[in-house]
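Structure at a glance
Letter by letter, the chains look like this.
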Amino acid sequence: RTVLCNDPEMTLTPVNIPVDTSKLRIEKTAIRRVPGEAFHALHNLEYLWMPYNSLASLSTITFKGLRRLQELRLDGNDLISFPWETLADMPQLRLLDLHNNELTSVPPDAARYVKNITYLDLSSNKLMTLPQALIATWANLQAVPYFPNDNSKIILGLQDNPWVCDCSLYEMVHFLNFQSPNIAFIEPRLKCFTPRSLAGVFFSQVELRKCQSPVVHTSVAKVKTILGSTVLLRCGTTGVPIPELSWRRADGAQLNGTVHQEISSDGMSWSILGLPVVSYLDSGEYICKAKNFLGATEAFISLIITDSESTDDPNPNVKGSWNGKASGMEAAAYNDKLVARYVITTSTVPTLGSGVGTGEDLLPPDVAQDGNPRNLLVSPPPGQQEPERIVRSVRVIGDTDQSITLAWKAPLAKNTTVFSVLYAIFGERDMRRINVEPGKTKLTIYGLLPKTKYIVCVCVKGLIPRKEQCIIFSTDEVASAGGTQKLINVVVISVACVIAVPLTLVVCCGALKRRCKKCFVRKPKEIQESYVTFESLSPGAKAKGVEGEYLTRHTPDESNRLLSARSSVDSEAIPKIEGQPNEYFC
């Protein structure tokens, strides 16, 4: 028996349906709800068609007792969900039509109840993805038809849904692109709806990545830094989809910093937690958490704050310190970095104990001293911040092994502006302060240690010096300069001695030899006079007269020894006269 109900004004399910009905059609009515017991007596029902009504929901007991039911058509209604577990009460069901409803999802448990269905139409709904368990069920049944002796196929309708083409759809796209002959689709050309970059693209043209749980990467597990410095904690993650990164402290305290997100070229997502001007309260465990819909994972970073620049590195000269071999620009940049770190550290949390000396015995009498050592470096009260950089161009203009002369420019300073000069051995946190009288822009600091590195800052009294108002100098440079000058003097004297001593010995030996010849040979007086006369000859003049004859006749060897022949081109061009030799110079 077949029963047909299609009154458009019908709002309730008919009652007293004959029990021998095998096919029931309730079509195009205003029925919105089906009572749970409406079909319990229809044990012979094989076809239940309820298309294009106004059904919004179904009870879990609506289809109870319909064990002979083979087709269930519910297309064209307003169903937002379907009781998939009721399929267990219909073991012979082969066709389920849910086309053109408002379904938004299919639960993973549905895979347990659709194994006997050969026709499933989920098209024209609001499905964005399908559970992997359902896809795996269809994939495993591809090679085994539901009827071993029949060549029937599994027919699926999945078109006209707003599919989100991300990793959650990877299994479904792979399933459609590599389908078995036992699977048939009502419309095989499925399209992506979102994201916007893939909207309208067919599944056969997209390449999706498989979903992966998040994995957290940290560059270090422990960070040790000095008080007042800026710390950057980095945390990276991989996963599909890209996990969301978040920071928190293990002790539950509030984070004192800012978070910056970035993605590197290799696709890794990084989160950087910046902690400016750290204090002891920032020490502790920091937790970086990565999370996506597959799960979450965490990583821990320990932050340790110390009050010194010492680290666990046994060889501090390997990195983090300047070995003095860099270029001038690199050295200046290194010193600038040291000044910045020193000023930030000392000015933020000063640690000036009562053991700091006032330095009165080290300074000239015209310099005013601050008698309270605890006021050497204090933060100015609110409203007294320096509006403009008054102190500029701090430099050392004179120095010795134990003192320096400091000069600076202050074009914007008033006649009543008092400057403070802060200095200390570099690395120590206890700084001495010298108050300079108004109008002065020069100061000499005495009592420095030789071969020691110092930092000195100049600022308006009561204010904290800025980085550009501080310089680093070393008294070993002065000592080196003095030693260099001494070395130059020694070298010059040594060279002079090397050149002068042999010439002096040659002259002395020559004079001694002549004196000996005078004593033993007893030469006549005219020979001595001729020698003296020869010494007074001017360059370029030839010897004439008796004196020249005596010299040539009596002492030819002596003249050749004391005179050297001209080697210039001019002397070679002079012709010889009467067999006389070339002109000679003394």
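These remarks concern the structure in this document. Per-chain numbering applies: the sequence of each chain, read as written, is numbered from 1 onward. Per-residue local features are limited, in this predicted model, to residues with pLDDT of at least 70; the limit for side-chain atom pairs, both in listing and counting, is 80 or more; totals at the level of whole chains, interfaces and linings are taken over all residues. For side-chain calculations, the full set of non-hydrogen atoms in the structure is used, while hydrogens and water are omitted.

1. Concerning the side chain of Asn77
To qualify as a helix, a DSSP run of H or I must reach at least 4 residues; to qualify as a strand, a run of E must reach at least 2; elements of each kind are numbered from the N terminus. Looking at the element boundaries, Asn77 is found in the loop between β4 (71-73) and β5 (95-97). Take Asn77: its relative accessible area is 2%, and that puts it in the buried class. In the analysis that follows, any N or O atom pair within 3.5 Å is treated as a polar contact, provided that within protein one partner can donate a hydrogen and the other can accept it, and provided that, for residues neighboring in sequence, both atoms belong to side chains. A polar contact of 2.9 Å, which involves the side chain of Asn77, links it to the backbone oxygen of Leu74. Setting aside residues up to four positions removed in sequence, Asn77 forms contacts with Met50, Pro51, Tyr52, Asn53, Ser54, Leu55, Asn100 and Asn101. Relative accessibility under 20% of the residue-type maximum defines a buried residue, over 50% an exposed one, and the middle range a partly exposed one, all with a 1.4 Å probe and only protein chains included. Any pair of residues with heavy atoms lying within 4.5 Å of one another is described as a contacting pair.

2. Describing the pairing of strand β14 (residues 269-275)
The buried count for β14 comes to seven of seven residues, which makes it a mostly enclosed element. With burial as the criterion, each face of β14 is covered, one bearing Ser269, Ser271, Leu273 and Leu275 and the other bearing Trp270, Ile272 and Gly274. Both strand β11 (residues 231-240) and β14 contribute to a ladder of seven bridges, which runs antiparallel. Bridging across to β14, Cys235 finds its partner in Ser271. For two strands to pair, DSSP has to find at least two bridges joining them. Examined bridge by bridge, strand β13 (residues 258-263) and β14 share six bridges and lie antiparallel to one another. What sits directly across from Ile263, in β14, is Ser269.

3. A closer look at the sheet that holds strand β7 (residues 154-157)
As summarised here, the arrangement of the eight strands in space is β1-β2-β3-β4-β5-β6-β7-β8, forming an open sheet in which the pairing is parallel. Looking along the sheet, the strands with just one partner apiece sit at the ends: β1 (2-5) and β8 (183-185). The average angle at which neighbouring strand axes cross in this sheet is 5 degrees, direction not considered. By the bridge criterion, three bridges tie β7 to β8 in an arrangement that is parallel. Its bridge partner lying in β8, Leu156 is registered against Phe185. Only the contacting stretch of a helix is used when fitting its axis, a line to C-alpha atoms as for every element, and angles between N-to-C directions run 0 to 180 degrees.

4. Quick word on the environment of Asn6
When you line up the elements, Asn6 lands in the loop between β1 and β2 (23-26). Sequence separation between Asn6 and Lys28 is 22 residues; the distance between their C-alpha atoms is 5.7 Å. Among residues more than four places away in sequence, those in contact with Asn6 are Glu27, Lys28 and Thr29.

5. So, unusual backbone geometry
With an omega of 0 degrees, the peptide bond running from Thr194 to Pro195 counts as cis. Along the polypeptide, Pro195 turns up in the loop between β8 and β9 (212-218). The residue Asp160 is not glycine, and still its phi comes out positive at about 60 degrees. The topology assignment puts Asp160 in the loop between β7 and α2 (170-177).

6. Considerations on the environment of Thr444
Considering the arrangement of structural elements, one finds Thr444 in strand β22 (residues 442-445). Linking Thr444 and Ile404, residues 40 residues apart in sequence, is a C-alpha distance of 5.6 Å.

7. Focus on the sheet that holds strand β16 (residues 295-306)
Taking strand neighbours across the sheet as the criterion, the four strands line up as β10-β16-β15-β12 in an open arrangement whose pairing is mixed. Bordering the open sheet on either side are β10 (222-226) and β12 (244-249), each of which pairs with just one other strand. Across the sheet, the mean angle from the axis of one strand to that of its neighbour is 25 degrees, orientation sign disregarded. Note: β10 against β16, five bridges, orientation parallel. The residue bridging Lys222 from the neighbouring strand is Ser302, located in β16.

8. Quick notes on the state of the cysteines
We call a pair of cysteine sulfur atoms a disulfide when they lie within 2.5 Å. Applying the stated criterion across every chain, the model contains four disulfides. Put simply, Cys167 and Cys211 are joined by a disulfide, and their sulfur atoms are 2.1 Å apart. Handedness here is read from the sign of the S-S torsion; for Cys167 and Cys211, about 95 degrees, the answer is right-handed. Of this pair, Cys167 sits in the loop between β7 and α2 while Cys211 sits in the loop between β8 and β9; the two residues are 44 residues apart in sequence, bridging distant segments of the chain. Here Cys235 engages in a disulfide with Cys288; their sulfurs sit 1.9 Å apart. Between Cys235 and Cys288, the S-S dihedral sits near -85 degrees, and the bridge is therefore left-handed. Of the two residues, Cys235 sits in strand β11 while Cys288 sits in strand β15 (residues 284-292), which places them 53 residues apart along the sequence.

9. Overview of α2
What α2 keeps buried is the set Met172, Val173, Phe175 and Leu176. Taken down its axis, α2 places every buried residue within 160 degrees of arc, on the same side. In this fold, the buried residues of α2 make contact with α1 (132-140), β7 and β8. This arc corresponds to the set of directions leading from the helix axis out to the C-beta atoms.

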